[in-house]
Amino acid sequence: YQVDLTLFAQHLKREGLASLAAVRPGHVQDFLHSLRARRSPATVARKLAAVKGLFRFLQAEQRIPANPTTFIETPRLWRRLPQTLSMQEVERLLGSVTTEGLGLRDVAILELLYGAGLRVSELTALELASLNFEAGFLRCIGKGNKERIVPMGRQAQAALRRYLGELRPLLVKRRAEATAVFVNRHGGRLTRQRIWQLLRRYARAGQITKPIGPHTLRHSFATHLLERGADLRTVQELLGHVNISTTQR
């Protein structure tokens, strides 16, 4: 906080203000705007919190006539837009996976994260009974324990069928009771952490320099749908968002 307030003091000096009592809301807003270009929204919010705390104290001590930060909102909406991949980057990512051995499983994972827009938690929780190849849909449990039905694209279905037919039976041969769709080499349910590791490895192999995670594929799924004419409400349903403002972002 001392660093934050020192930075604010330097800003006031540049503005020619010799007293904290002379600070007006506009001076604080100018300070925040000067930070936006080179600081993250979280950092800007913290610096504002320090400045607000200072002026609350000064007002309580009756050192200033009014608090200039009273009506300045914390910049919650200054969040960066979600990272997405281009179509070419998605193709490079998928093309970096060998379609043999555990690669059969990993292709199916990437195809579902991108082709169905699943959250990584929804993917790891998938059960065999959740898949309906005949209708081309899967059933997943999202945030708030809400169930939704999601269509599977042709590529995702093909990758999933091959994994379930060729590889998964070998992985679960000692665990006949296993019901998870995606399992590790010992037949146990695949973890979120492992999927993060796999994605990073394939991103490097595909020469993708952006920092990406499973959610990047979900964001890319939504963005590419919108770019190709899908309406926002449909994308909201596919993603399982409660508020359309989340989908808009």
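Residues numbered from 1 in each chain as written. Predicted model: local features only at pLDDT ≥ 70, side-chain atom pairs only at ≥ 80, totals over all residues. Heavy atoms only, no water.

### A short note on the overall build of the protein chain
So, step 1. A count of helical and extended segments in the protein chain gives 11 helices and 3 strands.
So, step 2. A compact globule built from 249 residues would reach a C-alpha radius of gyration of about 18 Å, whereas the protein chain, at 25 Å, exceeds it by more than 25%.
So, step 3. Overall, the C-alpha framework of the protein chain stretches about 75 × 35 × 35 Å when taken along its three principal axes.
So, step 4. Counting only residues that meet the buried cut, the protein chain has 42% of its 249 residues in that class.
So, step 5. Considering only intrachain contacts with a sequence separation of at least 6, the fraction spanning at least 24 residues in the protein chain is 56%. (Helix = DSSP H or I, 4+ residues; strand = E, 2+ residues; numbered from the N terminus. Rg over C-alpha atoms; globule rule 2.2 N^0.38 Å. Buried < 20%, exposed > 50% of the residue type's maximum accessible area, 1.4 Å probe, protein only. Contact = heavy atoms within 4.5 Å.)

### With respect to the nonpolar core
So, step 1. Ranked by size, the top nonpolar core spans 50 residues in total, and within it L93, L112, L118, L138, L160, Y163 and F182 carry the most contacts.
So, step 2. Elements that contribute at least two residues to this core include exactly α4 (87–95), α5 (103–115), α6 (120–124), β2 (137–141), α7 (154–171), α8 (192–205), α9 (214–227) and α10 (232–239).
So, step 3. The leading source of residues in this core is α5, at 8 residues.
So, step 4. Apart from residues lying up to four places away in sequence, L118 is in contact with L112, L113, L123, L126, L138, C140, R148, V150 and R218.
So, step 5. If you look at the next biggest cluster of nonpolar residues, it comprises 14 residues, including F31, V44, F55 and I72. (Core = buried A, V, L, I, M, F, W, Y, C linked by side-chain atoms within 4.5 Å.)

### A short note on the pairing of β2
So, step 1. Burial of the side chains of β2 is restricted to one face: L138 and C140 are buried, whereas none of F137, R139 and I141 on the reverse face is.
So, step 2. Relative to β2, strand β1 (residues 131–132) runs antiparallel, the two being bridged by 2 bridges. Across the sheet, residue N132 finds its bridge partner in β2, namely F137.
So, step 3. Taken together, β1 and the strand that follows it, β2, pair antiparallel across an intervening segment of 4 residues, in which G136 is found at a positive phi of about 80°.
So, step 4. Looking at chain direction, β2 and strand β3 (residues 147–151) are connected through 5 bridges and run antiparallel. Each residue of the ladder has a partner; that of I141, found in β3, is E147.
So, step 5. Joining the antiparallel neighbours β2 and β3 is a turn of 5 residues, in which G144 adopts a positive phi near 70°. (Pairing = 2+ DSSP bridges.)

### Some remarks on the pattern of salt bridges
So, step 1. Tallying each qualifying case throughout the model produces 10 salt bridges.
So, step 2. Linking E166 and R162 is a salt bridge whose minimum nitrogen-to-oxygen distance equals 3.1 Å. Here the residue E166 and the residue R162 both occupy positions in helix α7, the gap between them amounting to 4 residues, near one helical turn.
So, step 3. Among the residues examined, R162 registers a relative accessible area of 36% and is labelled partly exposed.
So, step 4. One continuous salt-bridge network, built from bridges that share partners, spans D4, R46 and K47. (Salt bridge = Lys/Arg side-chain N within 4 Å of Asp/Glu carboxyl O.)

### Quick look at the environment of T69
So, step 1. Inspection of the secondary structure puts T69 in the loop between α3 (41–60) and α4.
So, step 2. In the structure, T69 is positioned 20 residues away from A49 in sequence and 9.7 Å away in space, judged by C-alpha atoms.
So, step 3. For T69, the contacting residues outside a window of four places in its chain are V28, V51, K52 and F55.

### Focus: a positive patch on the surface
So, step 1. There is a patch of like positive charges on the surface, built from R185, R194, R200, R201 and R204.
So, step 2. Inspection of the secondary structure assignment puts R201 in helix α8. (Patch = residues over 30% accessible without salt bridge, like charges linked within 9 Å, V, L, I, M, F, W, Y side chains within 5 Å. Areas by Shrake-Rupley, 256 points an atom, 1.4 Å probe, with all protein chains shown as cover. Lys, Arg positive; Asp, Glu negative; His and termini not counted. Charge placed at Lys NZ, Arg CZ, Asp CG, Glu CD.)

### Here we look at the packing of helix α1 (residues 2–14) against helix α2 (residues 25–36)
So, step 1. The geometry of α1 relative to α2 is characterised by a closest axis approach of 10 Å and an angle of 110° between their N-to-C directions. When the interaxial angle is binned, α1 and α2 end up roughly perpendicular. Crossing of α1 over α2 shows right-handed handedness. Of the residues in α2, those in contact with D4, L7, F8 and H11 of α1 are H27, V28, D30, F31, S34 and L35.
So, step 2. Looking at the contact of α1 with α2 residue by residue, the classes come out as 5 nonpolar, 3 polar and 2 charged. (Axes fitted to C-alpha atoms, helices over the stretch in contact; angles between N-to-C directions. Parallel < 35°, antiparallel > 145°, perpendicular 65-115°, else oblique. Left-handed = near helix turned anticlockwise from the far one by under 90°. Nonpolar A, V, L, I, M, F, W, Y, C, P; charged D, E, K, R; others polar.)

### Focus: the packing of aromatic side chains
So, step 1. Under the criterion given, the structure shown has 3 aromatic pairs.
So, step 2. Geometrically, the ring pair formed by F8 and F55 is edge-to-face, given 6.1 Å between the ring centres and 85° between the ring planes. Linking F8 in helix α1 with F55 in helix α3, this pair joins segments that are 47 residues apart in sequence.
So, step 3. One aromatic cluster in this structure is built from F8, F31 and F55. (Phe/Tyr/Trp six-rings, centres within 6.5 Å; stacked < 30°, edge-to-face > 60°.)

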